[in-house]
Amino acid sequence: MSSKYIFNLPDIGEGIAEAEIVAWHIAVGDVVDEDDQIADVMTDKATVEMEAPVSGKIVALAGEAGDVIAIGSMLVEIEVEGDVDLEEVEVKVEEQVADETPQEAMTSDEGIEKEHKPEPLVEKVNLQKQSEELAVEASESGVTTSDSGHSKVLATPAVRKRAADLGVDLSQVKAQGEHIRHSDLDAFLSYGSGQGYRPSNASMKRNDETIKVIGMRRKIAQNMAESKRNIPHFSYVDEIDMTELEDMRQDLNSNRGERPKLTMLPLMIVAICKSLPKFAMLNATFDDEAGQVTRHGAVHLGMATQTDQGLMVPVIRNAQDMNIWQLAAEIGRLAEGARSGGLKPEELSGSTLTLTSLGPLGGIATTPVINRPEVAIIGPNKIVERPVFAENGEIHARKLMNLSISCDHRVVDGYDAASYVQALKHLLETPVLLFAD
């Protein structure tokens, strides 16, 4: 005797009304075991992996990858053998969601620097046990846990089979957790391999392909479209002599001891924060619906960071209170967390001003798109050495950089943006002022 169980999309976050199906890991007709990964769904806050609450045969799916479905509506329909204890299944779903869903972002500055508590011993034991079970499961499946001398790779048999069918070396795939999941493999095929998946016997010529814009890429597309549609942008660019600051940076690095190596960004952030108090309209957010601007006292600086999944903006909280070494450490921590997917929602929201840099690809000038609801974004460009005429007519080699700023013209006037950049320029060209009270 069989029956059908409808697995409805559970509430995966307070205030969330709908979620996007990012990826299916099953198809109609597949037989799944309890706890098998069946889909990845994405909300405004995070991507959550959904697991089968019961064993059985998949008879219906809610839609295709990229479709948005409401909380409480059908995700999958599963045909199971025998009767299903619905109360027991619902408890299991609630526990799964509680484990998978990240904490909500904090709304006050207090608690942002909340002390990290160590994992309970029971949780550590469970994680170790799961890893051991996965290794045994992989071994029993006939697939080795290492590839050509590489370090051991943990993955379920289903992931290993899919990777083998695609010709993917799992040792090259970055896992977001203890073991490689289908979502990690999807990210590698889309972005992580550098040139996308190509069989070893394929020619350099590639066929045309149409890719549905879903998940993180769709979220980025929506945010950028809303920003350009709702914000009247204008950009201003000026040239800054970075020679003295670069010399200072090298001197600081030669005497840094155990402290992190300095890039130009920490020094630039100090200059940004020191020059902001007289230009409060730049460190602000605009509420379109309420028609009001909030000028923020603290500088929560967004750092635009490129990752395999797309552009992310981790936030340096209270950047105005940090010294250059603290900023260097925080930049490194957030950048690594963004690329590995290990940041919490509160570390990716609440910025009041954004800094975007392409590093050595910085180009001559940029016109960056504002990170809504902020009203300004600053974009340093590449530093290049050029000949410059001195006042006495002599020619000197100087390290020059163009600095771009884009502003919301509803809040910031062109004169104010230019005045701010001039104040920022003065600090960067006279770096001793960065450390003066």
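Check the entry above for the structure.
J.: How would you summarise unusual backbone geometry if you had to cite specific residues and measurements?
T.: Trans peptide bonds make up most of the peptide bonds, and negative phi angles are found at most residues other than glycine. In this structure, the amide linkage connecting Arg-372 to the following residue, Pro-373, adopts the cis form with an omega of 10 degrees. Mapping Pro-373 onto the fold places it in the loop between strand S16 (353-355) and strand S17 (376-389). Of note, Asp-35 is a non-glycine position whose phi angle comes to about 80 degrees, a positive value. Secondary-structure assignment places Asp-35 in the loop between strand S3 (31-32) and strand S4 (37-42). According to the relative accessible area criterion, Asp-35 is partly exposed, its value standing at 39%.

J.: Residue-level account of the pairing of strand S10 (residues 284-287), with values.
T.: Across 4 bridges, the pairing between S10 and strand S11 (residues 292-295) is antiparallel. Of the residues in S11, the one forming a bridge with Phe-286 is Val-293. The antiparallel pairing of S10 with S11 creates a hairpin that spans 4 residues between the two strands, and Gly-291 there sits at a positive phi of about 65 degrees.

J.: So, the sheet that holds S4: which residues are in play, and what are the values?
T.: Strand order in the open sheet formed by 4 strands is S5-S4-S2-S7, and the pairing between neighbours is antiparallel. The open sheet terminates on both sides in strands that have one partner only, identified here as strand S5 (47-51) and strand S7 (68-70). Averaged over neighbouring strand pairs, the angle between their axes works out to 40 degrees when direction is ignored. Alignment of strand S2 (residues 18-24) against S7, held across 3 bridges, turns out to be antiparallel.

J.: So what about the packing of helix H7 (residues 264-275) against helix H8 (residues 324-340)? Which residues, and what values?
T.: Between H7 and H8, the least distance of the axes is 9 Å, while the angle of their chain directions is 120 degrees. Taken as axis vectors, H7 and H8 run oblique relative to one another. Relative to H8, the crossing made by H7 is right-handed. Residue-level inspection shows Leu-265, Pro-266, Leu-267, Ile-269 and Val-270 of H7 in contact with H8, the latter providing Ile-324, Leu-327, Ala-328 and Ile-331. Here the contact of H7 with H8 is composed, by residue class, of 9 nonpolar, no polar and no charged.

J.: Now, about the environment of Val-412: what can you tell me, with residues and values included?
T.: Tracing the backbone through its elements, the reader meets Val-412 in the loop between strand S18 (395-408) and helix H9 (414-429). Between the alpha carbons of Val-412 and Ala-280 there is a distance of 10.0 Å; along the sequence they are 132 residues apart. With residues near it in sequence (within four places) discarded, Val-412 still touches Phe-234, Met-281, Leu-282, Val-375, Cys-407 and Ala-417.

J.: Explain the packing of aromatic side chains to me, and be specific about the residues and the numbers.
T.: Scanning the model with the defined rule gives 1 aromatic pair in all. Each ring, one from Phe-279 and one from Tyr-420, has its centre 5.5 Å from the other, and the planes form 75 degrees; the classification is edge-to-face. Of this pair, Phe-279 sits in the loop between H7 and S10 while Tyr-420 sits in helix H9; the two residues are 141 residues apart in sequence, bridging distant segments of the chain. Lying across the ring of Trp-325, Arg-259 places its NZ or CZ 4.2 Å from the centre. Positioned above the aromatic ring of Phe-286, the side-chain terminus of Arg-410 is 4.0 Å from the ring centre.

J.: Give a description of helix H3 (residues 157-166) that names residues and reports values.
T.: Buried within H3 are the following residues: Val-159, Arg-160 and Ala-163. Seen end-on, H3 carries its buried residues on one side only, within an arc spanning 100 degrees. The exposed set on the far side of H3, more than 90 degrees from its buried face, consists of Lys-161, Ala-164 and Asp-165. After H3 finishes, the residue Gly-167 shows a positive phi value of roughly 75 degrees.

J.: Explain the environment of Ile-383 to me, using residue names and the numbers behind them.
T.: For Ile-383, the location among the structural elements is in strand S17. Ile-383 gets classed as partly exposed once you look at its relative accessible area, which sits at 33%. Residues Ile-383 and Glu-246, 137 residues apart in the sequence, show an inter-C-alpha distance of 9.7 Å.

J.: Which residues make up the nonpolar core, and what values do they have?
T.: Counting residues in each nonpolar core, the largest one holds 52 residues, and the members touching the most others are Ile-269, Ile-272, Leu-282, Val-412 and Tyr-420. Contact partners of Leu-282, with chain neighbours within four places excluded, come to Leu-276, Thr-352, Leu-353, Val-375, Ala-376, Ile-405, Cys-407, Val-412 and Tyr-420. Listed in part, the 23 residues of the second largest apolar core include Tyr-5, Trp-24, Val-80 and Val-89.

J.: Could you give me a rundown of helix H5 (residues 215-230), with the residues and numbers involved?
T.: Over its 16 residues, H5 runs 22 Å from end to end, which matches the ideal 22 Å to within 8%, given 1.5 Å per residue. Where H5 is buried, its residues touch S2, S4, S7, strand S9 (233-241) and strand S14 (310-312).

Basis of the calculations
Residues numbered from 1 in each chain as written. Predicted model: local features only at pLDDT ≥ 70, side-chain atom pairs only at ≥ 80, totals over all residues. Heavy atoms only, no water. Helix = DSSP H or I, 4+ residues; strand = E, 2+ residues; numbered from the N terminus. Buried < 20%, exposed > 50% of the residue type's maximum accessible area, 1.4 Å probe, protein only. Pairing = 2+ DSSP bridges. Axes fitted to C-alpha atoms, helices over the stretch in contact; angles between N-to-C directions. Parallel < 35°, antiparallel > 145°, perpendicular 65-115°, else oblique. Left-handed = near helix turned anticlockwise from the far one by under 90°. Contact = heavy atoms within 4.5 Å. Nonpolar A, V, L, I, M, F, W, Y, C, P; charged D, E, K, R; others polar. Phe/Tyr/Trp six-rings, centres within 6.5 Å; stacked < 30°, edge-to-face > 60°. Lys NZ or Arg CZ within 6 Å of the ring centre and 35° of its normal. Arc of directions from axis to C-beta. Core = buried A, V, L, I, M, F, W, Y, C linked by side-chain atoms within 4.5 Å. Expected span 1.5 Å × (residues − 1).

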